[in-house]
Number of protein chains: 2
Amino acid sequence: MFKLYSKGCEYALRALTYAASRSGNGRFQAKDVCEKADIPESFTRKVFQALTQGGFLQAVRGPGGGYELSRPPEKISLLDVIEAVEGQDTFEHCVLGFPECGGKHPCPLHETWSKAKRQLMAQLEHRTLQDLADSTTRKKRRAYISGG
Amino acid sequence: MFKLYSKGCEYALRALTYAASRSGNGRFQAKDVCEKADIPESFTRKVFQALTQGGFLQAVRGPGGGYELSRPPEKISLLDVIEAVEGQDTFEHCVLGFPECGGKHPCPLHETWSKAKRQLMAQLEHRTLQDLADSTTRKKRRAYISGG
DNA sequence: ATAATAGTGGATAGAAAGGTCCACTACTCA
DNA sequence: TGAGTAGTGGACCTTTCTATCCACTATTAT
């Protein structure tokens with residue numbers, strides 16, 4: 001039952017990727033983005049609420065309203081999104097569930113896991129929403145551009 | 001909500017690590033091992049049942065009975081245990097939940113994730129139950145041996 | 001046979017994750 | 001001011017995971 005992040009986080013990433021790939025101003029609406037990303041709207045709205053309260057999104061009510069990213073998509077890493085949804089400490093838990101696992105009392109897997117985790121987090125940190133949006137858009141344009 | 005594996009798998013790893021660190025023959029009892037590893041017995045028994053049905057453990061009933069590993073602990077990698085408990089396809093799912101994510105239609109995170117996954121699985125594959133048992137035992141002996 | 005031991009399988013219950021619904025508020029425009 | 005739009009917050013439901021209990025079966029020793 002491996003999970004990098006929760007369903008809510010997966011939806012957030014998919015929705016925000018779509019949002020970042022839109023032309024025009026950055027504002028997007030929950031309903032629209034959920035339909036396009038093919039994710040459950042009611043549930044994803046809850047995630048948006050949380051992201052708004054966390055200062056990650058700005059909500060605008062009323063006609064013409066929607067959400068805006070607090071930072072431009074090229075300044076938002078996947079790790080940012082994941083930690084915003086899951087909390088800052090998602091990757092902190094000991095894999096073997098040892099309560100006092102740490103520098104002084106490492107569990108048998110501590111070093112192995114720390115290394116793998118560092119590599120994983122480094123990858124998540126250097127990819128941004130803009131990257132994801134670009135590759136999605138490029139794919140839709142039949143990918144005749146080779147470079148990144 | 002990051003999870004490398006389920007609670008059941010965590011318990012299996014902890015229990016089997018303790019089992020591998022026992023001196024004498026390889027047989028161990030569910031009750032004993034769960035107490036020593038400080039994990040819930042009833043729940044872990046279910047995991048043992050599954051591992052037995054999967055051919056991973058051999059069950060011996062009656063007085064003096066218990067379980068035996070089907071292979072010596074130095075021949076069982078952590079990946080073996082994880083896949084035995086979680087199923088062969090735990091690490092196969094697309095991180096973004098795209099149903100047709102694969103070689104021909106990769107999701108935007110496919111390459112990033114594949115790389116991180118390979119590194120992670122390589123680490124889990126080359127560490128065995130015996131390794132874990134050794135480091136646990138060494139720790140208990142106050143770790144005056146430096147090498148690995 | 002009987003008692004004791006140790007794993008088995010099914011029922012059940014609680015907690016967390018995933019998901020839906022609806023009345024409400026805030027805002028815009030006519 | 002009224003209608004329509006878009007996010008909010010709370011109630012509620014379902015599924016999955018985690019956990020426990022107990023009657024049962026297989027085995028061993030007396």
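None of these values were measured; they are calculated from a predicted model.

Undergrad: Can you walk me through the overall build of chain A in this structure?
TA: Helix and strand content of chain A: 6 helices and 2 strands. Sequence-ordered secondary structure for chain A, helices as α and strands as β, is α-α-α-β-β-α-α-α. Considered along the principal axes of its C-alpha atoms, chain A spans approximately 55 × 40 × 25 Å. Excluding contacts between residues fewer than 6 apart, the proportion of contacts in chain A whose partners are at least 24 apart in sequence is 59%.

Undergrad: Before we go on, may I ask you to explain the interface of chain A and chain B in this structure?
TA: It is common to give the size of an interface as the accessible area lost on bringing the parts into contact. With 32 residues of chain A at the contact, the number on the chain B side is 32 residues. Taking both partners together, chain A and chain B bury about 3,300 Å²; carbon and sulfur atoms supply 62% of that area. For the chain A face of the interface with chain B, the top three residues by lost area are Met1, Phe2 and Gln123 of chain A, together amounting to 22%. Taken together, the connections running from chain A to chain B amount to 0 salt bridges.

Undergrad: Quick question: what am I supposed to make of the pairing of strand β2 (residues 66-69) of chain B here?
TA: Here is the key point about a regular strand: its side chains alternate between the two faces of the sheet. Across 4 bridges, strand β1 (residues 57-60) of chain B lies against β2 of chain B in antiparallel orientation. Residue pairing in the sheet places Leu57 of chain B in a bridge with Leu69 of chain B of β2 of chain B.

Undergrad: How should I be thinking about the pattern of salt bridges in this particular structure?
TA: Two side chains of opposite charge can pair, provided their charged atoms sit close to one another. Residue and element names in this part refer to chain B. Enumeration over the complete set of coordinates arrives at 16 salt bridges over all chains. Put simply, Lys7 and Glu10 hold a salt bridge, and the shortest N to O gap is 3.4 Å. Remark: Glu10 and Lys7 occur in helix α1 (residues 7-21); sequence separation between them is 3 residues, near one turn of the helix. Overall, Glu10 belongs to the buried group, its relative accessible area being 8%. Taking the shortest distance from any N to any O, the salt bridge between Glu41 and Arg45 comes out at 3.0 Å. You can see Glu41 and its partner Arg45 sitting in helix α3 (residues 41-53), 4 residues apart, about one turn around the helix. When its relative accessible area of 27% is taken as the criterion, Glu41 is described as partly exposed.

Undergrad: It is not clear to me how α3 of chain B should be interpreted in this structure. Could you clarify?
TA: One full turn of an α-helix is made of 3.6 residues, so residues set three or four places apart face in the same direction. Across its 13 residues, α3 of chain B extends 18 Å between first and last C-alpha, which sits within 8% of the 18 Å expected from 1.5 Å per residue. Phi turns positive, to about 80°, at Gly55 of chain B, one or two residues after α3 of chain B.

Undergrad: What exactly am I supposed to notice about the nonpolar core here?
TA: Looking at soluble globular proteins, one finds that nonpolar side chains tend to be buried together. Phe48 of chain A together with Phe48 of chain B are the most contacted members of the largest nonpolar core, which has 88 residues in total. Excluding its chain neighbours within four sequence positions, the residues that come into contact with Phe48 of chain A are Ala15, Leu16, Phe28, Ala30, Val33, Leu57 and Tyr67 of chain A.

What counts as what
The numbers attached to residues start from 1 for each chain and follow its sequence in the written order. To read the labels, note that chains go from A and ligands from 1, taken in the order they are written. Local features are withheld for residues below a pLDDT of 70 in this predicted model, meaning they are given only at 70 or higher, and side-chain atom pairs are given and counted only at 80 or more; totals for whole chains, interfaces and linings count all residues. In computing side-chain values, all of the structure's heavy atoms are included and hydrogens and water are not. Numbering goes from the N terminus for both helices and strands, where a helix is a DSSP run of H or I of at least four residues and a strand is a run of E of at least two. In what follows, residue pairs with any heavy atoms lying within 4.5 Å of each other are defined as contacts. Once two parts are brought into contact, the accessible area they lose, counted with a 1.4 Å probe and summed over both, makes up the buried area. By convention in these notes, a salt bridge is any Lys or Arg side-chain nitrogen within 4 Å of a carboxyl oxygen on Asp or Glu. For two strands to be treated as a pair, DSSP must find at least two bridges joining them. The buried label applies to any residue whose accessible area, calculated with a 1.4 Å probe on protein chains only, is under 20% of its type's maximum; exposed applies above 50%, and partly exposed to all values in between. Here a helix's expected span is defined as the number of its residues, less one, multiplied by 1.5 Å. Joining through side-chain atoms within 4.5 Å is the link that ties buried Ala, Val, Leu, Ile, Met, Phe, Trp, Tyr and Cys residues into a set, and such a set is a nonpolar core.

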